[in-house]
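# Chain and residue survey
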Amino acid sequence: MAYASRIINHSKKLKDVSTLLRRENAATIRYYSNTNRAPLNREDTFNSRLGYPPLERISICSTSTLPVSIIFSTTRSNLSSAMGRPIFGKEFSCLMQSARGFSSGSDLPPHQEIGMPSLSPTMTEGNIARWLKKEGDKVAPGEVLCEVETDKATVEMECMEEGYLAKIVKAEGSKEIQVGEVIAITVEDEEDIGKFKDYTPSSTADAAPTKAEPTPAPPKEEKVKQPSSPPEPKASKPSTPPTGDRVFASPLARKLAEDNNVPLSDIEGTGPEGRIVKADIDEYLASSGKGATAKPSKSTDSKAPALDYVDIPHSQIRKVTASRLAFSKQTIPHYYLTVDTCVDKLMALRSQLNSFKEASGGKRISVNDLVVKAAALALRKVPQCNSSWTDDYIRQFKNVNINVAVQTENGLYVPVVKDADRKGLSTIGEEVRLLAQKAKENSLKPEDYEGGTFTVSNLGGPFGIKQFCAVVNPPQAAILAVGSAEKRVVPGNGPDQFNFASYMPVTLSCDHRVVDGAIGAEWLNAFKGYIENPKSMLL
């Protein structure tokens, strides 16, 4: 009987074979879903379809409605489910090539979404300063699309592929655009430009917060006016009279009574536990007729006039400077070393060199150029100061790249003179002048300010500051603050002899995690030696 029942059950299943084959496509699609599973055996289902072309199998299963991860490529690959396990036992090849920027909607042609690039290591957001192309313009690789204001400078953004600028998502002047956020759309064909007139990128649409629908206001209840009746005299009924001679009153009531010379003992309070409140004082003044002669409040007399001010929006360089210097003071253990350097020989050598430069029509050499050269040579002699701190190690640089602080109307810039220890004074001077001009024009490129290992800040020459302490510029380990030179009276050889000499104070700010006090003093001693014997820098 058992065998007979099995044969009958199998015969009933065989009658439905044709129906099952017709429903195979739906069963295959159901199997792709991560919520429903086909009642068929998956190996039997897929093996029955191996005779179909691979592209036909893919076209049957719409990827827009199924949570299946399919990788399109010109090579053979495995079709994997969302869990990462292979579904097909055999390999298949897909002839469809992938195109970047395909929209999920079927009504849009192939396009490319251009995101805000990261133009510096510390950049997290940027501003669109100016668009050099407009919608509908043809663009080619290497052409400048727009100018982006980064955390350090204004940088030109170039196009990477040929096409047409179909849509400008972020208009000129847009601020605080996150890195990777879509700013423009390009297409390959000119006739596709009009299809993106009202296009909104998915990332922008998702980022926009959904506005909650306003809840309808509850219907207003119409209050029926009661016939006016004469006001009943207000009876002062304290809930619990105060005990003893002490009078309980709120601070405001006590102040109001003091300003109007009202004795609190004559008033019965209506507040909690018989406390006298402001309403009790007002009622007493109204009943006694003293309200007209009440003294004006002192707060009214002492009211200060409103301040006149203007709010200046933060620029990108200002925000970055604030965050980096606050990070430096909060995380870097600073200490400071100051030394006076005699610059008489330095000034004499500078005069001789400038006379030669003027005769040959060259640019003059500044004191700051000599300071940069001396700092670079001292770093080569004491390389521990040419380092930076990390959580796992101290990185000591072999290149001596000196950042020079330049103040502009837009903020503080620190362009870099690379390999300053290997360059002559004329080359250093020309590079510093060029970088300072580019900083004032806000046209520095990332390579003009990245890669510095040490910073020099000079407020003495241009501003006459005698001495100051600079903040370490992370990730560097030290910064040199240069003050102004001044003449001093120094003792001579004899008891009644004295001389005049020019001294320039310099202060070295160090990261104590990297540079110990003795190492900082050794570097300052080397720097002082080059300044006081400047001809040694020329050897």
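Look up: the structure comes first, before these words.
Scoring rules and cut-offs
Residues numbered from 1 in each chain as written. Predicted model: local features only at pLDDT ≥ 70, side-chain atom pairs only at ≥ 80, totals over all residues. Heavy atoms only, no water. Core = buried A, V, L, I, M, F, W, Y, C linked by side-chain atoms within 4.5 Å. Buried < 20%, exposed > 50% of the residue type's maximum accessible area, 1.4 Å probe, protein only. Helix = DSSP H or I, 4+ residues; strand = E, 2+ residues; numbered from the N terminus. Pairing = 2+ DSSP bridges. Contact = heavy atoms within 4.5 Å. Phe/Tyr/Trp six-rings, centres within 6.5 Å; stacked < 30°, edge-to-face > 60°. Patch = residues over 30% accessible without salt bridge, like charges linked within 9 Å, V, L, I, M, F, W, Y side chains within 5 Å. Areas by Shrake-Rupley, 256 points an atom, 1.4 Å probe, with all protein chains shown as cover. Salt bridge = Lys/Arg side-chain N within 4 Å of Asp/Glu carboxyl O.

### With respect to the nonpolar core
Core analysis: the largest hydrophobic core is formed by 55 residues, its most contacted members being Ile402, Phe454, Leu480, Trp523 and Phe527. The element best represented in this core is helix α12 (residues 367-381), accounting for nine residues. Of all hydrophobic cores here, the second largest spans 18 residues; its members include Leu145, Val148, Ile168 and Ile177.

### Looking at the sheet that holds strand β5 (residues 138-139)
Taken in spatial order, the four strands of this open sheet run β3-β10-β8-β5, and their pairing is antiparallel. Two strands bound the open sheet, and with one partner strand each, they are β3 (111-115) and β5. Pairing analysis gives four bridges linking strand β8 (residues 163-168) to strand β10 (residues 182-187), with the strands arranged antiparallel. Its bridge partner lying in β10, leucine 165 is registered against threonine 186.

### A look at the environment of leucine 337
In this fold, leucine 337 is placed in strand β11 (residues 334-342). Sequence spacing of leucine 337 and cysteine 469 is 132 residues, and the spatial spacing of their C-alpha atoms is 9.1 Å. Sequence-distant contacts of leucine 337, defined by excluding residues within four places in its chain, comprise Val506, Thr507, Leu508, Gly517, Gly520, Ala521 and Leu524.

### Considering the packing of aromatic side chains
Counting across every chain of the model gives four aromatic pairs. Relative to phenylalanine 500, the ring of phenylalanine 498 has its centre 6.0 Å away and its plane inclined at 85 degrees; by these criteria the two rings are edge-to-face. Centre to centre, the rings of tryptophan 523 and phenylalanine 527 are 5.4 Å apart; their planes meet at 10 degrees, and the pair counts as stacked. Taken together, the positions of tryptophan 523 and phenylalanine 527, both in helix α16 (residues 517-532) and four residues apart, correspond to about one turn of that helix.

### Quick word on a nonpolar patch on the surface
A contiguous nonpolar surface patch, about 350 Å² in accessible area, is contributed by Val489, Phe498 and Phe500. Following the sequence through the fold, phenylalanine 498 ends up in strand β21 (residues 498-511).

Read these as spatial facts, not as claims about activity.
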